[in-house]
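Coordinate inspection notes
Okay, here's what each chain looks like letter by letter:
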Amino acid sequence: MAEAATENGVRKAASPEEEHPRKAFGWAARDASGIFSPFAFSRRNNGDKDVTIKILYCGMCHSDLHVAKNEWERTTYPTVPGHEIVGVVTQVGRSVQKFQVGDRVGVGCMVNSCGSCHGCDQGFENYCPGLVFTYNSVNLDGTMTYGGYSDMIVVDQHFVIRFPDNMPSDRGAPLLCAGITVYAPMKYHGLDQPGKHLGVVGLGGLGHVAVRFGKAFGMKVTVISSSPSKEKEATERLGADAFLVSSDPGRLQAAMGTMDGIIDTVSAVHDITPLMFLLKPRGKMIMAGAPEKPLQLDAFSLILGEKSIAGTCIGGVKSTQEMIDFAADHNITADIELISIDRVNEAMERLGKGDVRYRFVIDIGNTLTAA
């Protein structure tokens, strides 16, 4: 890390471009307008346990929008989002055993953790108190992390995911967030058993992948959406067994008490009480979306039937590798719209309106240039 300059005897923090020895380039949001523009910064040198990756593709998660606009009130500007990264290894440290130059790899939502807490010991690095996220997070050296809307990244080998040969880079990239966010809780809560009934709320970036995993597990899958126009898409193209419109009380009434579990992927504020009544006794509601305001919930929807509500926050490294391998074995990918980096502002605006089917992916390798 570069030495900080001093002014009038006061130590000043190094600029993003001077923090580390290696020049990097990307697009950053600089304030709560969420408008992106070209941004020069720096990455650390490749350490003994590090892998340097030339980024080829990066998915656009709804979290990127939240952070860019500081909607969670936790953003440090400038911020370079992106935690659905796929690229090629260009350098490995001398202690790296898992990867070699030329390997195709991915990086998801985290790039470091303490390595010694209960979560890390159990393979749940995502629950580590010292977890370092891929962007908008303070790394172990005290500098900010910058994500995949950029040309390269340096990551500890432990947090790098090997991409199977038959997994396409562009359509596989969103699985590093959207995929693991639904796969991990399905496995943990037993919603991976043939014959069980899964409800999926929202047919967006997470929801359409949840449908595909549910069907690959052999489950009955019902999509619950506020958009009646998505029924044909859900049942005919994605393979869902049934479709419910969340504003149709008659259809909701008919489905009461039929579902073993529900994954709610919606990030907009909504009342989950009607959804709770769709669960069987002791059924589980898993919150994967992150609305800006507190949940609306009638306590009796929990009490009657001894139901439970759970959250999910991605998954550990081992689970993420398992998910990518499972997806490759079952031909599960995300539906994407591939864009150039200079369309990121347009894509962010459309993402905020839900106008994407179902994930934007930035073609970093072919469209990002320092010029």
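Throughout this document, residue positions are counted from 1 along each chain, in the order its sequence is written. The predicted origin of the model limits local features to residues at a pLDDT of at least 70 and limits the giving and counting of side-chain atom pairs to 80 or more, whereas totals for whole chains, interfaces and linings rest on all residues. Excluded from the side-chain calculations are hydrogens and water; all other atoms, namely the structure's heavy atoms, are used.

Rules: UniProt positions are given in the numbering used here, feature names are shortened, and annotations may be inferred rather than shown by experiment.
By the naming in an unreviewed UniProt entry, the chain goes by cinnamyl-alcohol dehydrogenase and is assigned to Ensete ventricosum. Under the heading Pathway (unreviewed entry), UniProt records this for the chain: "Aromatic compound metabolism; phenylpropanoid biosynthesis." The Sequence similarities (unreviewed entry) comment attached to the chain in UniProt states, word for word, "Belongs to the zinc-containing alcohol dehydrogenase family."

Structural notes on the packing of aromatic side chains
The line we're drawing: By convention, a stacked pair of Phe, Tyr or Trp rings (six-membered ring in the case of Trp) has centres within 6.5 Å and planes under 30 degrees apart, an edge-to-face pair has planes over 60 apart, and any other such pair is tilted. We count a stretch as a helix when DSSP gives it H or I for four or more residues in a row; a strand needs E for two or more, and each element gets its number in order from the N terminus. Burial classification: accessible surface area is computed with a 1.4 Å probe over protein chains only, and a residue below 20% of its type maximum counts as buried, one above 50% as exposed, and the rest as partly exposed.
This model, assessed by the stated rule, comprises 11 aromatic pairs. Pairing Y183 with F326 gives two aromatic rings, centres 5.9 Å apart and planes at 50°, and the pair type is tilted. In this pair, Y183 sits in helix α4 (residues 178-188) while F326 sits in helix α10 (residues 317-329), placing the two residues 143 residues apart along the sequence. We classify Y183 as buried; its relative accessible area is 2%.

Observations concerning a nonpolar patch on the surface
The condition that has to hold: Patches here are clusters of residues that have more than 30% relative accessible area and form no salt bridge, with a 9 Å joining cutoff for like charges and a 5 Å cutoff for nonpolar side chains (Val, Leu, Ile, Met, Phe, Trp, Tyr). Every accessible area reported is derived by Shrake-Rupley at a probe size of 1.4 Å, with residue values counting cover from the shown protein chains alone. The term salt bridge refers to a pairing of a side-chain nitrogen on Lys or Arg with a carboxyl oxygen on Asp or Glu at a separation within 4 Å.
A surface patch of nonpolar side chains, amounting to about 210 Å² of accessible area, comprises L295, L297 and I309. Structurally, the position occupied by L295 is in the loop between β16 (279-287) and α9 (300-303). On the basis of relative accessibility, which here comes to 40%, the residue L295 falls in the partly exposed class.

Focus: the UniProt feature "domain: Enoyl reductase (ER)" (unreviewed entry) in the chain
Cross-referencing UniProt, the feature "domain: Enoyl reductase (ER)" (unreviewed entry) maps to residues 34-362 in the present numbering. The span residues 34-362 is 25% helix and 26% strand, and its two end C-alpha atoms sit 17 Å from each other.

Describing unusual backbone geometry
Looking along the chain, the bond that leaves Y77 and enters P78 is cis, with omega of -5°. Mapped onto the elements of the fold, P78 is located in the loop between α1 (62-68) and β6 (85-92). In this structure, N136 takes a positive phi of about 55° despite not being glycine. Here N136 lies in the loop between β9 (132-133) and β10 (152-156). On the basis of relative accessible area, N136 is assigned to the buried category, the value being 17%. In this structure, I314 takes a positive phi of about 45° despite not being glycine. Relative to the helices and strands, I314 resides in the loop between β17 (308-311) and α10. With relative accessibility at 9%, the residue I314 sits in the buried group.

What about the side chain of S150?
Applicable threshold: Polar contact is defined as a pair of N or O atoms within 3.5 Å, subject to the rule that within protein one atom must be able to donate a hydrogen and the other to accept it, and that residues adjacent in sequence are counted only when both atoms are side-chain atoms. The contact definition used throughout considers only heavy atoms, calling two residues in contact when any of these lie within 4.5 Å.
By the element assignment, S150 lies in the loop between β9 and β10. Engagement of the side chain of S150 in a polar contact is seen with the backbone oxygen of G147, the distance being 2.7 Å. Discounting residues that sit within four places of it in the chain, S150 has contacts with F25, G26, F41, R43, I55, V80, I364 and L368.

So, the sheet that holds strand β14 (residues 242-245)
Backbone-to-backbone hydrogen bonds join strands into a sheet, with any given pair of strands oriented parallel or antiparallel. Note the following rule: Whether two strands pair comes down to DSSP finding at least two bridges between them. Note on method: axes are straight lines fitted to C-alpha atoms, helices fitted across the in-contact stretch only, with angles between N-to-C directions ranging 0 to 180 degrees.
Read from one edge of the open sheet, 6 strands run β14-β13-β12-β15-β16-β17, paired in parallel fashion. Of all the strands in the sheet, just β14 and β17 have a single pairing partner and so form its edges. Looking at each pair of strands side by side, their axes are set apart by 20° on average, direction ignored. Taken together, the 4 bridges between strand β13 (residues 220-225) and β14 define a ladder with parallel strand orientation. Across the sheet, residue T222 finds its bridge partner in β14, namely A242. Against the sheet, helix α5 (residues 205-216) touches β12 (197-201) and β13, its axis set at about 170° to β12.

Comments concerning the environment of V201
Turning to its location among the elements, V201 is positioned in strand β12. Note: C-alpha distance between V201 and T265 (64 residues apart in sequence) is 5.8 Å.

Some remarks on the pairing of strand β7 (residues 104-107)
In summary, the side chains of a regular strand alternate between the two faces of the sheet. Direction of pairing for β6 relative to β7: antiparallel, over a ladder of 4 bridges. Bridged to V86 within β7 is G106. Looking at chain direction, β7 and strand β11 (residues 160-162) are connected through 3 bridges and run antiparallel. Along β11, the bridge assignment pairs V105 with R162.

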